[in-house]
Amino acid sequence: MKKKVLSVVLAASMAAALAGCGGAPEETKAPETTAAKTETTAAAEGAESEAAEGEAAEGEAAEGEAAALGNFEGQELSVSTFSFNAELLQKNVYDPFMEATGCKLIVEGGKNAERVTKIKETPENYDVVIIGDAFVADLIDEDLLEKADYSTLTNRDALYDNAKAPFGEEYGPAYTFNRLGIVYDKATCPIEITSWADLWNPELEDSIAIPDITTTSGPLFYYAVAKMEGLTPGTDDDAIFAKMEELKPNVMKTYTSANDTITMLNQGEISVAVLLDFSYTAAKAASEDYVWVDPSEGNYSGYNTLNIVKGCENKDLAMAFIDFYISKEVQLAEALDGVDSPVRMDVELTEEQAANFTYGKEMIDGLLLPDWSVINANKADWTARWNELFSVQ
C-alpha cells in the first residue's frame, strides 16, 4: 500500500486567512466593502463601519482557532483512513489542518480489514486511525487503541450524544453516521424495490451485489436479514444462513469495495446493490436512474470514528487533528461535498443538501444499531460459514 505524503507548512502571513477552514474567505466580502465606500450617506458610512468591524472580528476568530489548534511546525502525524473520497478529504481536512498547524500528515488509505491487519502488525507506524465501528471493536479487543480524555475536545459538546463516545468515554468520537439501504438501476432492474424482502424476488437472478461479511456493512446486512425474518443474530444463525442461501441465486457479487460495486452498476453487470448511504451519494452522479431505497423493514446503521493508536508519541497533535475533524467548518464542508453525514447538531442543511444523508435528530434517533459484542463473539464462525456459502462470488 503506498503512503500518500501530504506536506504543507503554514506561512505566518496566511494564519488568519487559513485557520477557519470552512468559513467564507475574505475575498467574498471585498465587493461589499468596496461598494460601501462609494456611499456618501451617514447610513452607508455606518454600514461600512459595521462591516469592517465584522471582518475584523472574523479575522480575530480565525486567528484564535489556529492558536487553539496549536503550533506543530515540522511535526508529523501518521493517519490510517479510508481510500474513498481522498481528493475531497484532502481539500476539506488535510490541507487546511496542515496549513493551520504547520505539521505534516502522512495519510495511508485502504480497506478496513487490511488496515486493521497492518495496525496489528506494526502499530508504531500509526498515530490516528479513522475506521468503522466493527473494526474499532476489534482494535479495542486487541488493546491497540489509546485510552484518552476525549472530553477535552473543544468540539465534542456540539455532537449528538450517541456520537460523543460510542465506545465509552476513553475512546474517540464518531464523525459520521451512515445507514444501509438498497440502490437499484430503474432502467435495468425488472421490479420496483421497496423492502429487503424484495431482494429474494426470482426476477433478480444474478443481478445483486451484497457486502461481504468482513466489511463494515456486512454485519449490518446480516442483522437486516435477521430482523426481516424475526430472528436473533448469535442465537438463530442456522436460520439466518438458510435465508442467505435462498438469496444466493440472485447474488452476482459479494463485495469488499464499494467503489468496485459502483463500477459494476455503471457497467451494467448488476442492477441492484446493498450499499451504505455515502456510497449512493457517489453513485448517483453517474446516472439519474439510480434509486435509493430505505427498506420498509428499517435501516441498520453504523458510524465511523476517530481514535488514537496506542503508543502514539504525539498525542497533542493527534487530539488536535481529531478536534479539527469534528469542527463545524469541516463537518459542513464534508456534507456539502457529499462525503459524510454530519454528527454536529449545529450543522444545518437544506432538504436537497441532506438528501440520502443520515441527517437530523429524528432520523438519528430512529437508527437501528447492531450489537457489536455479539458480532465480535461470532465473527470467526460467521466468516467461515459465509465463505463456504458464497465461495464462488
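Heads up: the structure comes first, above all this text.
Definitions and limits used
Residues numbered from 1 in each chain as written. Predicted model: local features only at pLDDT ≥ 70, side-chain atom pairs only at ≥ 80, totals over all residues. Heavy atoms only, no water. Buried < 20%, exposed > 50% of the residue type's maximum accessible area, 1.4 Å probe, protein only. Helix = DSSP H or I, 4+ residues; strand = E, 2+ residues; numbered from the N terminus. Arc of directions from axis to C-beta. Contact = heavy atoms within 4.5 Å. Pairing = 2+ DSSP bridges. Right-handed = clockwise from strand over helix to strand, strands pointing away. 1 Å grid on protein atoms, 1.4 Å probe; cavity = no way out; pocket = protein on both sides within 12 Å on 5 of 7 lines; lining within 4 Å. Points joined across faces, edges and corners; volume = space filled by probe spheres on them. Nonpolar A, V, L, I, M, F, W, Y, C, P; charged D, E, K, R; others polar. Salt bridge = Lys/Arg side-chain N within 4 Å of Asp/Glu carboxyl O. Axes fitted to C-alpha atoms, helices over the stretch in contact; angles between N-to-C directions. Parallel < 35°, antiparallel > 145°, perpendicular 65-115°, else oblique. Left-handed = near helix turned anticlockwise from the far one by under 90°. Phe/Tyr/Trp six-rings, centres within 6.5 Å; stacked < 30°, edge-to-face > 60°.

S.K.: Could you give an account of helix α9 (residues 237-247), with specific residues and numbers?
M.R.: When α9 is considered as a whole, its buried residues turn out to be D237, I240, F241, K243, M244 and L247. Axial view of α9: buried residues confined to an arc of 155°, hence all on one face. When the buried face of α9 is taken as reference, the exposed residues oriented beyond 90 degrees from it are D238 and E245. Residues of α9 that are buried in the fold lie against β6 (208-211), α8 (218-228), β7 (251-255) and α15 (372-389).

S.K.: Could you give me a rundown of the pairing of strand β3 (residues 104-109), with the residues and numbers involved?
M.R.: Regular strands have side chains that alternate between both faces of the sheet. For β3, the tally of buried residues reaches five of six residues, placing the bulk of the element in the interior. In this structure, strand β2 (residues 76-81) lies alongside β3, joined through six bridges in parallel fashion. Within β3, the position partnered with E76 by the bridge is K104. Assessed by its sense of winding, the connection that carries the chain from β2 through helix α4 (residues 86-101) to β3 is right-handed.

S.K.: Give a detailed account of empty space enclosed by the protein, specifying residues and quantitative values.
M.R.: If you walk through the whole model with that rule in mind, you get two cavities of 30 Å³ or more. Its volume calculated, the largest cavity comes out at about 110 Å³. Along the walls of the largest cavity sit T81, F82, F84, N85, L89, Y175, F278, N304, Y325, V339 and D340, which together make up its complete lining. Considered class by class, the residues forming the lining of the largest cavity number seven nonpolar, three polar and one charged. In this structure, the second largest cavity occupies an estimated 40 Å³ of space. What lines the second largest cavity is simply Y175, Y325, V330, Q331, E334, D340 and S341. Sorting elements by how many residues they give to the lining of the second largest cavity places helix α13 (residues 328-336) first, with three residues.

S.K.: Describe the pattern of salt bridges, with residues and values.
M.R.: Scanning all chains against the criterion turns up 16 salt bridges. In this structure, the salt-bridge partner of K118 is E108, at a minimum N-O distance of 3.6 Å. Highlighted residues: K118 in helix α5 (residues 112-121) and E108 in strand β3, separated in sequence by 10 residues. Classification of K118 by relative accessible area gives partly exposed; the value is 23%. With its nearest N and O atoms 2.6 Å apart, the salt bridge here joins E169 to R156. Placement of the pair is E169 in the loop between α7 (161-164) and β5 (174-185) and R156 in the loop between α6 (133-141) and α7, with a sequence separation of 13 residues. Relative accessible area serves as the criterion here: at 52%, E169 is assigned to the exposed category. Via salt bridges that share partners, K120, D138 and K379 belong to a single interconnected network.

S.K.: I'd like a rundown of the environment of S83, residues and numbers included.
M.R.: Examined against the element boundaries, S83 turns out to sit in the loop between β2 and α4. For S83, a relative accessible area of 45% translates into the label partly exposed. Considering only alpha carbons, one finds S83 and K111, 28 residues apart in sequence, at a separation of 7.2 Å. S83 has contacts with G109 and G110, leaving out every residue within four places of it along the chain.

S.K.: Could you give an account of helix α12 (residues 315-325), with specific residues and numbers?
M.R.: Counting buried residues along α12, nine of its 11 residues qualify, which places the element largely inside the surrounding structure. Turning to α12, its buried residues are L317, A318, M319, A320, F321, I322, D323, F324 and Y325.

S.K.: Got a sec to walk through the packing of α6 against α15? Specific residues and values, please.
M.R.: At a minimum axis separation of 10 Å, α6 and α15 run at an interaxial angle of 70°. Classed by the angle they form, the pair α6 and α15 counts as roughly perpendicular. Relative to α15, α6 is oriented so that their crossing is right-handed. Contacts between α6 and α15 involve D133, A134, A137, D138 and D141 on the former and, on the latter, W372, N376 and K379. Class assignment for the residues of the contact of α6 with α15 results in three nonpolar, one polar and four charged.

S.K.: Help me get a handle on the packing of aromatic side chains, residues and values and all.
M.R.: Under the criterion given, the structure shown has 13 aromatic pairs. On the numbers, 5.7 Å between centres and 40° between planes, the contact of Y280 with W292 is tilted. Residue Y280 is found in helix α11 (residues 277-283), and its partner W292 is found in strand β9 (residues 290-293); the two are separated by 12 residues along the sequence. The exposure class of W292 is buried, given its relative accessible area of 12%. Their ring planes at 70° and their centres at 5.7 Å tell us that F321 and Y325 sit as a pair that is edge-to-face. With a gap of four residues between them, F321 and Y325 both fall in helix α12, about one helical turn apart. Overall, F321 belongs to the buried group, its relative accessible area being 0%.

S.K.: An account of the side chain of S80 is requested, with residue identities and associated values reported.
M.R.: Looking at where S80 falls in the secondary structure, it is placed in strand β2. For S80, the contacting residues outside a window of four places in its chain are E108, R115, I119, Y126, V128, V129 and I130.

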